[in-house]
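Letter by letter, the chains look like this.
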Amino acid sequence: MSPRKRLSKASENLEKDEDQRNPPEESLETLRNRQIDIKQLIAKKRQLAAEAEQLKPLFLKEVGSHFDDIVTSLIEKSASLDNGGCALTTFSILEEMKNNHRTKDMRASPEQGKIFISRRSLLDELFEVDHIRTIYHMFIAILIIFILSTLAVDYIDEGRLVLEFNLLSYAFGKFSIVIWTWSAMFLTTLSVPYFLFQCWANGYRKSSHPIILSVVYGLFFMFFQLGILGVGPTYVVLAYALPPASRFIIILEQIRLIMKAHSFARENVPRVLNAAKEKSSTVPIPTVSQYLYFLFAPTLIYRDSYPRTPTIRWHYVAMQFAQVFGCLFYVYYVFERLCAPLFGNIKQEPFSARVLVLCVFNSILPGVLMMFLSFFAVLHCWLNAFAEMLRFGDRMFYKDWWNSTSYSNYYRTWNVVVHDWLYYYAYKDFLWFFSKRFKPAAMLAVFTLSAIVHEYALAVCLSYFYPVLFVLFMFFGMAFNFIVNDSRKRPIWNIMMWASLFLGQGVLVCFYSQEWYARQHCPLKNPTFLDYVRPRSWTCRYVF
C-alpha cells in the first residue's frame, strides 16, 4: 500500500474516533429528551400507584357492602321460584341493581317466612384472610399469658404449681341433676307438643265444633309451655340449689325448647287450617323425624326440610368443640386474674360513688373479653358444631355486628337466630293481630319481651333480682334504637356504639359482681321475699 493511501486511511480512522468521542448535538438532545420522558413515565406510574392505593379501600368497602347482599338476593330469589316466584333473569337483576343503587338485605314476606339457603358463617370466611386470623392468634396469645400469670402467682404464693380449677368445679357442680333435668325437658318437648298437634290436626276436619276443639288444644299447649316446661325446670334449679353455670344450662335450654315448641305450632297450624279450607284429602302433619331434627337444628324457625351439606367434616366438629372448651377456660382465667382481685379489694371499702365509678371502669376489660368469648363460643363454635353434625346448610347465625353504626342494626345482626324468632313470631304477629300502624308499639313489645326473658334468666341463675340489665336494655337500649338509627352511617357512630357497649359491659360486670360478693359476705339468717329483690350491696358492711 502506498504512503498516500495509508495517510488517507489513517485520517479517516481519526475522524471516526472523533465522531465517536464527540457525538453530534442532535444525538445529545435526543438522549436528554428520552431521559425526561422516562422520568415523566416513572412519575406517572407513581401517581397512578398512589391513586390506586387510595381507591383500594374504597373499592374493598363497596365490594364488601354489595357482594354478599347481591349473592344473597340472587340465591333467595332462586329459592323463591319454588313458591311461585317470577322467572329470574340477568336483565331483571341488572335492572333492579340499576334502580336500587344500594342492594338491600332481602327479607321474605311474613306469609312466606324465613328462607334458608346454604351459606357459611362469616367468621369462617374471614379466618381465611391472614390479617383477620392474626387477631384470632392474638386472643390465643392473651390466653397463654393468663395461664402463665396464674401459674407464676400460684408458684410464688404457694411455692408450687397449683393446677386446681375450684371456680370451674363449683360453677358446674351437681351436673348429674343437670343431665336428668335436661333429658326430662327434651323428652316432654319431643312428645307433648307433637302429640297435641297430631290429635288436633286429625280431629279438626272431623269435629262439628272446630273452634272449641282448637281452643281446648290451645289451652293444653299453653299449660304445657308455661306450667310444665316453664315452671318445672325453674323449680328444680331452686329446689336443688344448683350453682350458677349449671343453672344457666337448664334455664337457657328451657327458653330454647319453649321457643322451638312455639315455632313448631306456629308454622304448622296455618297449614292445617289452609288444608281444611281447601278441603284437601291429606292432613299436613310433619313426621316425628322432622320434628326431632328441628329440636337439634341450630335454628328457632321450623321447616319440614332445610338445606343440607353433602358430608360431615368431623375434624371441623372436633375443632369447634375444642374452641368451646378453650373459651370456657379463657373465661375462668379472666375471672381468676381480673375479677377476683378487683372485687376482693372492693369488699374492703364501704359502698360509695367513688368505689362504684372505679369498679365500672375496671370491669370494662373483663366484661368486653367475656362478651367476645361468649359470642365466639356460643354463636359461632357451638352452633357451627351442631350444624356440621346435622349437615345443616344455613350457617348465618350472626352478621357483621361489629361494623354497626346504629343500635337497630346491632340488634338485627348480633344474634340472627333469636332475632328471626322475635321478628316473625313477636313483631310480625303483633302487627297482624292489631294493625300495621302500630309499629312503635310492636317494637316496644319485642323489647319488653326480650328484656323480661333476659332478666328472668339472670335472676334465677344468680339467685337474686337486680334489674341492671333490664334497665339498660329497656331504657337506654330502647332509646338508642330510635336515636341512633339506620340513618347514621358515619364511622363516628360505630365508635360511639363500641364505646357504649364497652361501658355497658363494665356496668353489668361491676353491679352483678358486687351484688354477688355482698350476698356471700353478708348472708341473712331468715331472708324474706323482699330480701331477694332488695340490693344487698347498697347496705352490706363487710365483717372480717
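Residues numbered from 1 in each chain as written. Predicted model: local features only at pLDDT ≥ 70, side-chain atom pairs only at ≥ 80, totals over all residues. Heavy atoms only, no water.

Undergrad: How should the overall build of the chain be read in this particular structure?
TA: Helix and strand content of the chain: 20 helices and 0 strands. Of all 544 residues assigned to the chain, the portion counted as buried reaches 38%. In the chain, once contacts between residues fewer than 6 apart in sequence are set aside, the share between residues at least 24 apart is 76%. Accessible surface, the chain: about 33000 Å² in total, of which carbon and sulfur atoms supply 66%. (Helix = DSSP H or I, 4+ residues; strand = E, 2+ residues; numbered from the N terminus. Buried < 20%, exposed > 50% of the residue type's maximum accessible area, 1.4 Å probe, protein only. Contact = heavy atoms within 4.5 Å. Areas by Shrake-Rupley, 256 points an atom, 1.4 Å probe, with all protein chains shown as cover.)

Undergrad: Would you mind going over the state of the cysteines with me for this structure?
TA: Linking two cysteines covalently via their sulfur atoms produces the bond known as a disulfide. Scanning all chains against the criterion turns up 1 disulfide. Note that Cys 359 is cross-linked by a disulfide to Cys 510, the S-S spacing being 2.2 Å. A torsion of 130° about the S-S bond marks the disulfide between Cys 359 and Cys 510 as right-handed. Of this pair, Cys 359 sits in helix H13 (residues 353–362) while Cys 510 sits in helix H19 (residues 491–521), and the two are 151 residues apart along the sequence. Of the residues examined, Cys 359 reaches a relative accessible area of 1% and is grouped as buried. Here Cys 339 is not disulfide-linked; the sulfur of Cys 359 is the nearest cysteine sulfur, at 9.4 Å. Here Cys 381 is not disulfide-linked; the sulfur of Cys 327 is the nearest cysteine sulfur, at 5.5 Å. (Disulfide = S-S within 2.5 Å.)

Undergrad: Help me understand the packing of aromatic side chains, please; the structure alone is not making it clear to me.
TA: The description of an aromatic ring pair uses the distance of the two centres, along with the angle that the planes make with each other. One pass over the full model with this rule turns up 48 aromatic pairs. An angle of 20° between the planes, with centres 6.0 Å apart, marks the rings of Tyr 194 and Tyr 291 as stacked. Linking Tyr 194 in helix H7 (residues 175–204) with Tyr 291 in helix H11 (residues 288–296), this pair joins segments that are 97 residues apart in sequence. For the pair Tyr 194 and Tyr 291, a shared accessibility class is recorded, and that class is buried. Centroid distance Tyr 407 to Tyr 411: 5.8 Å. Interplanar angle 55°. Geometry classified as tilted. Placement of the pair is Tyr 407 and Tyr 411 together in helix H15 (residues 407–414), with a separation of 4 residues, close to one helical turn. The positively charged end of Lys 114 is found above the aromatic ring belonging to Phe 116, 5.3 Å away from the centroid. One cation-aromatic arrangement involves Lys 260 over Phe 294; the distance from NZ or CZ to the ring centre is 4.5 Å. (Phe/Tyr/Trp six-rings, centres within 6.5 Å; stacked < 30°, edge-to-face > 60°. Lys NZ or Arg CZ within 6 Å of the ring centre and 35° of its normal.)

Undergrad: Just checking my understanding: could you explain helix H17 (residues 439–462) for this structure?
TA: Quick reminder: α-helices carry 3.6 residues per turn. Residues three or four places apart thus point the same way. Its 24 residues give H17 an end-to-end C-alpha distance of 35 Å, which sits within 8% of 34 Å, the value for a rise of 1.5 Å per residue. Those residues of H17 that fall on the buried side of the exposure criterion are Ala 442, Val 446, Phe 447, Ser 450, Ala 451, Glu 455, Ala 457, Leu 458, Ala 459, Val 460, Cys 461 and Leu 462. For H17, the secondary structure elements touched by its buried residues are helix H9 (232–239), helix H10 (244–277), H15, helix H16 (416–433), helix H18 (468–483) and H19. (Expected span 1.5 Å × (residues − 1).)

Undergrad: So what exactly am I meant to see when it comes to a nonpolar patch on the surface here?
TA: Together, Ile 211, Val 215, Leu 219, Met 222 and Leu 226 give the surface a local cluster of nonpolar side chains, amounting to about 550 Å² of exposed area. Judged by its relative accessible area of 47%, Val 215 falls in the partly exposed class. (Patch = residues over 30% accessible without salt bridge, like charges linked within 9 Å, V, L, I, M, F, W, Y side chains within 5 Å. Salt bridge = Lys/Arg side-chain N within 4 Å of Asp/Glu carboxyl O.)

Undergrad: Explanation requested: unusual backbone geometry in the structure shown.
TA: Both trends apply: most residues other than glycine have a negative phi, and most peptide bonds are in trans. Despite not being glycine, Arg 391 has its phi angle at roughly 55°, a positive value. Structurally, Arg 391 can be placed in the loop between helix H14 (364–389) and H15. Residue Arg 391 is classed as partly exposed on the basis of its relative accessible area, which comes to 28%.

Undergrad: What exactly am I supposed to notice about the environment of Asn 481 here?
TA: Structurally, the position occupied by Asn 481 is in helix H18. C-alpha of Asn 481 to C-alpha of Tyr 411: the two residues are 70 residues apart in sequence and 8.6 Å apart in space. Those residues within four positions of Asn 481 in sequence are excluded, and the remaining contacts are Tyr 407, Ser 408, Tyr 411, Met 443 and Phe 447.

Undergrad: What exactly am I supposed to notice about the pattern of salt bridges here?
TA: In a structure, side chains of opposite charge can pair up when their charged atoms sit close to one another. Tallying each qualifying case throughout the model produces 10 salt bridges. A salt bridge links Arg 271 to Asp 304; the shortest N-O distance between them is 2.8 Å. Of this pair, Arg 271 sits in helix H10 while Asp 304 sits in the loop between H11 and helix H12 (314–346), and the two are 33 residues apart along the sequence. Of the charged contacts in the structure, one is a salt bridge between Glu 515 and Arg 519, with a shortest N-O distance of 2.8 Å.

Undergrad: Looking at this structure, how should I read the nonpolar core?
TA: Within soluble globular proteins, side chains that are nonpolar generally end up buried alongside one another. Grouped together as the largest cluster of nonpolar side chains are 98 residues, with contacts concentrated most on Phe 376, Phe 392 and Tyr 512. Considering each element in turn, this core owes the most residues, 11 residues, to H14. Those residues in contact with Phe 392 that lie beyond four places of it in its chain are Phe 116, Tyr 293, Ala 297, Pro 298, Thr 299, Tyr 306, Pro 307, Thr 309, Ala 387 and Phe 397. Counting residues in each nonpolar core, the second largest holds 5 residues, with Phe 447, Ala 451, Met 474 and Met 478 among its members. (Core = buried A, V, L, I, M, F, W, Y, C linked by side-chain atoms within 4.5 Å.)

Undergrad: How do you make sense of the packing of H14 against H19 when you look at a structure like this?
TA: For any two helices packed against each other, the geometry comes down to the angle between their axes and how far apart the axes lie. Packing of H14 against H19 brings their axes to within 8 Å, and their N-to-C directions diverge by 105°. With respect to their mutual orientation, H14 and H19 come out roughly perpendicular. Counted together, Ile 364, Gly 367, Val 368, Met 370, Met 371 and Phe 372 of H14 and Trp 498, Phe 502, Leu 503, Gln 505, Gly 506 and Val 509 of H19 form the full contact between these two elements. Of the residues in the contact of H14 with H19, the class split is 9 nonpolar, 3 polar and no charged. (Axes fitted to C-alpha atoms, helices over the stretch in contact; angles between N-to-C directions. Parallel < 35°, antiparallel > 145°, perpendicular 65-115°, else oblique. Nonpolar A, V, L, I, M, F, W, Y, C, P; charged D, E, K, R; others polar.)

Undergrad: Is there a simple way to think about the environment of Pro 298 in this case?
TA: Locating Pro 298 in the fold gives a position in the loop between H11 and H12. Taking the C-alpha atoms as reference points, Pro 298 and Ala 387, separated by 89 residues in sequence, lie 6.2 Å from one another. Once residues within four sequence positions are removed from consideration, Pro 298 is found in contact with Leu 383, Ala 387, Leu 390, Phe 392, Phe 397 and Val 417.

Undergrad: Can you help me understand the side chain of Ser 246 in this one?
TA: Among the secondary structure elements, Ser 246 is positioned in helix H10. The residues touching Ser 246, leaving out its near neighbours within four places in the chain, are Ala 171, Phe 172, Gly 173, Phe 175 and Val 178.

Undergrad: I keep staring at the environment of Ile 144 and nothing clicks. Help me out?
TA: As for its placement among the helices and strands, Ile 144 is situated in helix H5 (residues 130–158). Note on Ile 144: relative accessible area 44%, which makes it partly exposed. Distance from Ile 144 to Tyr 330, taken between C-alpha atoms, is 9.3 Å for residues 186 residues apart in sequence.

Undergrad: Please clarify how the confidence of the model for the chain should be interpreted in this entry.
TA: Detailed reading of the predicted model is not advised wherever pLDDT is low. Mean pLDDT over the chain stands at 79; residues scoring 70 or higher make up 76%. A low-confidence stretch, residues 3–7 stays under pLDDT 50, and its non-local contacts, those more than four residues away or across chains, total 1 contact. (pLDDT = per-residue confidence, 0-100.)

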